[in-house]
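# Residue-level structural notes
Residues per chain, in single letters:
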Amino acid sequence: MKVAGFTFIRNAVRYDYPIVEAIRSVLPLCDYFVVALGRSEDDTEALIRSIDDRRIHILPTEWDDSLREGGRVLAVETGKAFQAIPQAYDWCFYIQGDECIHEQDYPAIRQAMESRLDDPHTEGLLFHYRHFYGSYDYTGASRRWYRREVRIIRNNKNIKSWRDAQGFRWADGRKLRVRQIPACIYHYGWVKDPAAQQRKLRNFNRLWHSDEIAEQRVGRSETYRYDGTEPLERFTGAHPAVMQPRISTMNWQFETDPSTIRRRLKDRISQWIERRTGWRPGEYKNFTLLP
């Protein structure tokens, strides 16, 4: 079995993406890794090269910033990285620039890839998600956070990155048939210094909207104010080892008391059902889950 990883990135330094941690978290499972490196205005290329691993192959790219409908440019850049993976590899492990996997999940991930290698019905592998918000001590608990997504796919170039690159589908629009695996993606997109978070959000909104609308949505403040009323749960587990240096240098304060936050009745009912049955009513699923 041969495994290739892939990702895309641009201006990782300016927007404080933990891209090095993301890549390093996946590398132990990969024989080859493609980074679609968009032309940047900072030292992102030097940052990627600092990993200094022979398995990493940098693919220089140019982003088409006119592709603002639904964040399409993100899917286009994901596709460039995926298409650059040679056919010799069986599975392709996708990781975004603000995601990591935990080393404790390596055995389960490897076992899932090996056991399903010759199963043509399994077109991808599905991961659970933890979305951190405000600090490394809290995870999102409302329905706005997606709880699962496909991160390992067959090396079939008829599979395409879907919409804003959150998941994948076949070129004709059919959903991938996937298996759930007992592994988790740790998502750190909402854990940054407030100034870096504001810069990131302003830039990110421009991938969907005009500059004027992006400015209206984000505001003119130089720092992001984390929402103290966001429904959260305290995280008591351990973070991936690759994230520990970053976590130890956290230099902002975020305080909240999840017990005082009143959730919408709809969310409370949905969470009650989910905890007892595993089913989330009305959940958007960009995949077909196999038993």
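Everything below is about the structure printed above this text.
In this report, the structure presented in the accompanying data block is examined. (Residues numbered from 1 in each chain as written. Predicted model: local features only at pLDDT ≥ 70, side-chain atom pairs only at ≥ 80, totals over all residues. Heavy atoms only, no water.)

Turning our attention to the nonpolar core. In this structure, Ile23, Phe33, Phe93, Ile101 and Ile109 are the most contacted members of the largest nonpolar core, which totals 34 residues. Where this core is concerned, the elements lending two or more residues are β1 (3-9), α1 (19-26), β2 (32-38), β4 (91-94), α4 (106-115), β6 (124-133) and β11 (177-190). With 5 residues, the single largest contributor to this core is α1. Formed by 28 residues, the second largest nonpolar core is a distinct cluster that contains Leu67, Ala75, Ile153 and Val178. (Core = buried A, V, L, I, M, F, W, Y, C linked by side-chain atoms within 4.5 Å. Buried < 20%, exposed > 50% of the residue type's maximum accessible area, 1.4 Å probe, protein only. Helix = DSSP H or I, 4+ residues; strand = E, 2+ residues; numbered from the N terminus.)

This next bit is on the pattern of salt bridges. Considering all chains together, one arrives at 14 salt bridges under this definition. For the salt bridge of arginine 246 with aspartate 16, the shortest nitrogen-to-oxygen distance reads 3.0 Å. Of this pair, arginine 246 sits in helix α7 (residues 244-248) while aspartate 16 is found in the loop between β1 and α1, placing the two residues 230 residues apart along the sequence. For arginine 246, a relative accessible area of 18% translates into the label buried. Classification of aspartate 16 by relative accessible area gives partly exposed; the value is 25%. In this structure, the salt-bridge partner of arginine 246 is glutamate 21, at a minimum N-O distance of 3.3 Å. Of this pair, arginine 246 sits in helix α7 while glutamate 21 sits in helix α1, and the two are 225 residues apart along the sequence. Beyond isolated ion pairs, a larger network of salt bridges with shared partners links Asp16, Glu21 and Arg246. (Salt bridge = Lys/Arg side-chain N within 4 Å of Asp/Glu carboxyl O.)

Looking at where threonine 61 falls in the secondary structure, it is placed in strand β3 (residues 56-61). Only 3.5 Å separates the side chain of threonine 61 from the backbone nitrogen of glycine 38, close enough to count as a polar contact. Setting aside its immediate chain neighbours within four residues, threonine 61 contacts Ala36, Leu37, Gly38, Arg39, Glu77 and Lys80. (Polar contact = N/O pair within 3.5 Å; in protein donor to acceptor, adjacent residues only side chain to side chain. Contact = heavy atoms within 4.5 Å.)

Turning to the packing of aromatic side chains, a few remarks are in order. The full count for this structure, using the stated rule, is 23 aromatic pairs. Geometrically, the ring pair formed by tyrosine 32 and tyrosine 89 is tilted, given 5.1 Å between the ring centres and 35 degrees between the ring planes. Separated by 57 residues along the polypeptide, tyrosine 32 in strand β2 and tyrosine 89 in the loop between α3 (72-83) and β4 bring together distant segments of the chain. For tyrosine 89, a relative accessible area of 11% gives the class buried. Geometrically, the ring pair formed by tyrosine 133 and phenylalanine 254 is edge-to-face, given 6.0 Å between the ring centres and 80 degrees between the ring planes. Taken together, the residues span a long stretch of sequence, with tyrosine 133 in strand β6 and phenylalanine 254 in the loop between α7 and α8 (265-277) at a distance of 121 residues. Comparing tyrosine 133 with phenylalanine 254, the two get one shared label, buried. An aromatic cluster is defined as three or more aromatic residues linked by ring pairs; in this entry it consists of Tyr133, Tyr138, Trp145, Trp190, Tyr224, Tyr226 and Phe254. Note that lysine 192 overlies the ring of tyrosine 17, its terminal NZ or CZ placed 4.4 Å from the centroid. The ring of tryptophan 190 carries lysine 200 above its face, with NZ or CZ at 5.6 Å from the centroid. (Phe/Tyr/Trp six-rings, centres within 6.5 Å; stacked < 30°, edge-to-face > 60°. Lys NZ or Arg CZ within 6 Å of the ring centre and 35° of its normal.)

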